[in-house]
Amino acid sequence: MELNPEPVDIAGLVSEAASLLQTRTASERITIAGPDDVGLVVEADRPSLLRVISNLLDNAIKYSPAGGTIRVGVMDEGELVAISV
């Protein structure tokens, strides 16, 4: 697997992943609340990180009650970024 790191806006990527899953969230009346920390940029392989976030959101949709809210948090931890769902 070849990784191509580039600057990636985390909030934008979460929004993109949420829009990819819009059909599922709409049918379950589930809301995805994105991170408050907009503008946080990391060096990452964009397609791989999108796949990871989409997978986390997909799992959250599966195990959330209809009408629920899925909250995504992002925390700057110096050289690392923590993403919580």
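**With respect to a nonpolar patch on the surface**
Part 1 of the argument: Taken together, the side chains of V52, L56, I83 and V85 define a hydrophobic patch exposed on the protein surface, amounting to about 300 Å² of accessible area.
Part 2 of the argument: Checked against the element boundaries, I83 lands in strand β6 (residues 80-84).
Part 3 of the argument: Exposure remark for I83: the relative accessible area of 32% places this residue in the partly exposed category.

**Some points on the pattern of salt bridges**
Pairing of side chains with opposite charge becomes possible as their charged atoms draw close.
Part 1 of the argument: Tallying each qualifying case throughout the model produces two salt bridges.
Part 2 of the argument: A salt bridge links D58 to R24; the shortest N-O distance between them is 2.0 Å. Placement of the pair is D58 in helix α3 (residues 46-62) and R24 in helix α2 (residues 22-28), with a sequence separation of 34 residues.

**Here's the deal with the nonpolar core**
Part 1 of the argument: Among the nonpolar cores identified, the biggest contains 21 residues, and L49, I53, L57 and I70 are the most heavily contacted of them.
Part 2 of the argument: Of all elements in the fold, only α1 (10-20), β3 (41-45) and α3 reach the threshold of two or more residues within this core.
Part 3 of the argument: Ranked by residues supplied to this core, first place goes to α3 with six residues.
Part 4 of the argument: Apart from the residues within four sequence positions on either side, L49 is in contact with V8, I10, L13, V42 and A44.

About the criteria used
Residues numbered from 1 in each chain as written. Predicted model: local features only at pLDDT ≥ 70, side-chain atom pairs only at ≥ 80, totals over all residues. Heavy atoms only, no water. Patch = residues over 30% accessible without salt bridge, like charges linked within 9 Å, V, L, I, M, F, W, Y side chains within 5 Å. Areas by Shrake-Rupley, 256 points an atom, 1.4 Å probe, with all protein chains shown as cover. Salt bridge = Lys/Arg side-chain N within 4 Å of Asp/Glu carboxyl O. Helix = DSSP H or I, 4+ residues; strand = E, 2+ residues; numbered from the N terminus. Buried < 20%, exposed > 50% of the residue type's maximum accessible area, 1.4 Å probe, protein only. Core = buried A, V, L, I, M, F, W, Y, C linked by side-chain atoms within 4.5 Å. Contact = heavy atoms within 4.5 Å.

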